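# Inside the fold
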Amino acid sequence: MADLDNKEQTEIDPADMEDVEEVEEEETGEDNSKAHQLTMQMMQNPQILAALQERLDGLVGSPSGYMESLPKVVKRRVNALKNLQVKCAHIEAKFYEEVHELERKYAALYQPLFDKRSDIVRAAYEPTDEECEWKKDEEEELTVSKQEEMKEKAKVEEEKKDEEKEDPKGIPEFWLTVFKNVDLLGEMLQEHDEPILKHLQDIKVKFSDAGQPMSFTLEFHFEPNDFFTNTVLTKTYKMRSEPDESDPFSFDGPEIMGCTGCTIDWSKGKNVTLKTIKKKQKHKGRGTVRTVTKTVPNDSFFNFFSPPEVPESGELDEDSEAVLAADFEIGHFIRERIVPRAVLYFTGEAIEDDDDDYDEEGEEADDEEGEEEADEENDPDYEPKV
């Protein structure tokens, strides 16, 4: 009977167990909350943060201890593998040098097509009807009603053109439109840059000659204008394709070592890279006030042609490093994407292609959010947010 009584005393109603679990969860939640508050208070203490940072800095680049634990004969073999890796890096450097030679070779094949593109843009050549014919994909085929609508619209446009004194020549504002369609370049543009870039007729890429140090030059060709007397503005990027002797394992292909711009011969009062400001100064003794005119740098795309100089030591301050990093990205993008595919950036088709990956990621994120919401709604304890 004693055993039976003990058994009856130890049995607990399942409903009571639920209450116990809820109490335990509440207590655990309170403990977690207190721990979180304590952690936040500690992280706001400058001395604690400084100590943590010092500790983390000490860990950066420190060995895990595994290599030290290896037998001496194994360490020797690992060193042999590292020497092989250095040789691989030097072979890889030669590979990129040959890639550069291939770029030079094919640039010569592309150039006649780019020259013809330039002739069409600046109205030096009028393409034939055959050259202008573009075969649409099946998805692009228009319905009969849409075709009629387009014909009517074209008729109206033609009538408007007849009323104008002259038809537009070439493709007006071609390169300006390309720049405005690309976020990376559009962010550099200022309103006062646009009238100048309307005169931009072509951008060319010139590679260094065979046997010369690796480099490429961007040439911006302008028609005569009222802003400067230059017909061509240049930006040259110097590259290196060889492992750093002090850190050969960091080699990851050619790197841009520096760049040089050019002097822009601005017409009087047309330099958009500078602006004039007026400041009032008060004399300490007499208390009189005078107005002083001062010339200061101004935001402009044309600052692109005046990059910071890289000293021989190669050491730069953080601001200059940031400017050069952005500059290298822009120069590389113009060379690799803008010049070869200019018409697709003009129409926006290349931008849509660039955005495809981002759209897919966004859709995946939306799907995940939808799944989370569905899980919450299936939860019996779920309470919708008001």
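These lines cover the structure that appears in this document, whether it is placed above or below.

How each quantity is defined
- Residues numbered from 1 in each chain as written.
- Predicted model: local features only at pLDDT ≥ 70, side-chain atom pairs only at ≥ 80, totals over all residues.
- Heavy atoms only, no water.
- Helix = DSSP H or I, 4+ residues; strand = E, 2+ residues; numbered from the N terminus.
- Buried < 20%, exposed > 50% of the residue type's maximum accessible area, 1.4 Å probe, protein only.
- Contact = heavy atoms within 4.5 Å.
- Areas by Shrake-Rupley, 256 points an atom, 1.4 Å probe, with all protein chains shown as cover.
- Patch = residues over 30% accessible without salt bridge, like charges linked within 9 Å, V, L, I, M, F, W, Y side chains within 5 Å.
- Salt bridge = Lys/Arg side-chain N within 4 Å of Asp/Glu carboxyl O.
- Phe/Tyr/Trp six-rings, centres within 6.5 Å; stacked < 30°, edge-to-face > 60°.
- Lys NZ or Arg CZ within 6 Å of the ring centre and 35° of its normal.
- Lys, Arg positive; Asp, Glu negative; His and termini not counted.
- Charge placed at Lys NZ, Arg CZ, Asp CG, Glu CD.
- Pairing = 2+ DSSP bridges.
- Expected span 1.5 Å × (residues − 1).
- 1 Å grid on protein atoms, 1.4 Å probe; cavity = no way out; pocket = protein on both sides within 12 Å on 5 of 7 lines; lining within 4 Å.
- Points joined across faces, edges and corners; volume = space filled by probe spheres on them.
- Nonpolar A, V, L, I, M, F, W, Y, C, P; charged D, E, K, R; others polar.
- Bend = angle between axes of the 7 residues up to and from the residue.

Another point: the overall build of the protein chain. Secondary structure assignment for the protein chain yields 13 helices and six strands. Taken across its 386 residues, the protein chain has 21% of its residues classed as buried. Considering only contacts in the protein chain between residues 6 or more positions apart, those separated by 24 or more positions represent 57%. Approximately 29700 Å² of the protein chain is accessible, and the part contributed by carbon and sulfur atoms is 49%.

Residues Leu102, Tyr106, Leu109, Tyr110 and Leu113 make up a contiguous nonpolar surface patch of about 550 Å² in total accessible area. Along the polypeptide, Leu113 turns up in helix H5 (residues 72-121). Overall, the relative accessible area of 59% leaves Leu113 in the exposed class.

Here we come to the packing of aromatic side chains. For the structure shown, the criterion picks out 21 aromatic pairs. Relative to Phe302, the ring of Phe228 lies with its centre 6.1 Å away and its plane at 65°, an arrangement referred to as edge-to-face. Of this pair, Phe228 sits in the loop between strand S2 (215-222) and strand S3 (232-240) while Phe302 is found in the loop between strand S6 (289-297) and helix H11 (318-338), placing the two residues 74 residues apart along the sequence. Taking relative accessible area as the criterion, Phe228 reaches 2% and is therefore assigned buried. By relative accessible area, which is 1% here, Phe302 ends up buried. Both rings, one in Phe304 and one in Phe305, keep their centres 5.4 Å apart while their planes meet at 80°; by these two values the pair is edge-to-face. For Phe304, a relative accessible area of 4% corresponds to the buried category. The class for Phe305 is buried, based on a relative accessible area of 1%. An aromatic cluster is built from Phe179, Phe220, Phe222, Phe228, Trp266, Phe301, Phe302, Phe304 and Phe305, whose rings are joined through pairwise contacts. Here the guanidinium or amino end of Lys270 rests over the ring plane of Phe227, the centre of that ring lying 5.5 Å away.

This next bit is on the environment of Leu233. Examined against the element boundaries, Leu233 turns out to sit in strand S3. Sequence separation between Leu233 and His221 is 12 residues; the distance between their C-alpha atoms is 6.7 Å.

With that out of the way, let us pick up a negative patch on the surface. Taken together, Glu242, Asp244, Glu245 and Asp247 make up a surface patch of like negative charges. Following the sequence through the fold, Glu242 ends up in the loop between S3 and strand S4 (255-260).

Next up on the list: the pairing of strand S5 (residues 274-282). For a regular strand, side chains alternate in direction, first toward one face of the sheet and then toward the other. The pairing of S5 with S6 spans nine bridges and is antiparallel. Following the sheet pairing, Lys280 is matched in S6 by Thr291. Taken together, S5 and the strand that follows it, S6, pair antiparallel across an intervening segment of six residues, in which Gly287 is found at a positive phi of about 80°.

Okay, unusual backbone geometry next. Working note: non-glycine residues mostly have negative phi, and peptide bonds are mostly trans. A positive phi angle, close to 65°, is found at Ala123, a residue other than glycine. Residue placement: Ala123 occurs in the loop between H5 and helix H6 (129-132). What makes Ala123 partly exposed here is its relative accessible area of 37%. A positive phi angle, near 55°, is found at Glu173, a position not held by glycine. Examined against the element boundaries, Glu173 turns out to sit in the loop between helix H7 (144-163) and helix H8 (174-181). You can call Glu173 partly exposed: its relative accessible area is 35%.

Residues spaced three or four apart along an α-helix point in a common direction, a consequence of the helix completing one turn every 3.6 residues. Here H11 contains 21 residues, and its C-alpha end-to-end distance of 28 Å stays within 8% of the 30 Å for a straight helix at 1.5 Å per residue. Among all positions in H11, only Ser320, Leu324, Asp327, Phe328, Ile330, Gly331, Phe333, Ile334, Arg335 and Ile338 are buried.

Now for the layout of surface pockets. In this model, the largest pocket occupies a volume close to 1100 Å³. What lines the largest pocket is a set of 31 residues, and nearest its centre among them are Ile120, Glu131, Cys132, Ile171 and Val343. If you list the elements that add at least two residues to the lining of the largest pocket, you get H5, H6 and helix H12 (342-347). Sort the elements by how many residues they give to the lining of the largest pocket and H5 lands first, with seven residues. Tallied by class, the residues present in the lining of the largest pocket amount to 18 nonpolar, two polar and 11 charged.

Relative to the 74 Å expected for 50 residues at 1.5 Å per residue, H5 spans 69 Å between its end C-alpha atoms, a close match to the ideal helical length. At Tyr110, H5 shows its maximal kink, close to 35°; a proline, Pro112, follows between one and four residues later. Taken residue by residue, H5 has Ala89, Ala93, His100, Ala107, Gln111, Phe114, Arg117, Ser118 and Val121 as its buried positions. Tucked into the core, H5 has its buried residues touching H8, strand S1 (200-207), S2, S3 and H12. Looking one or two residues past H5, Ala123 carries a phi angle of roughly 65°, positive in sign.

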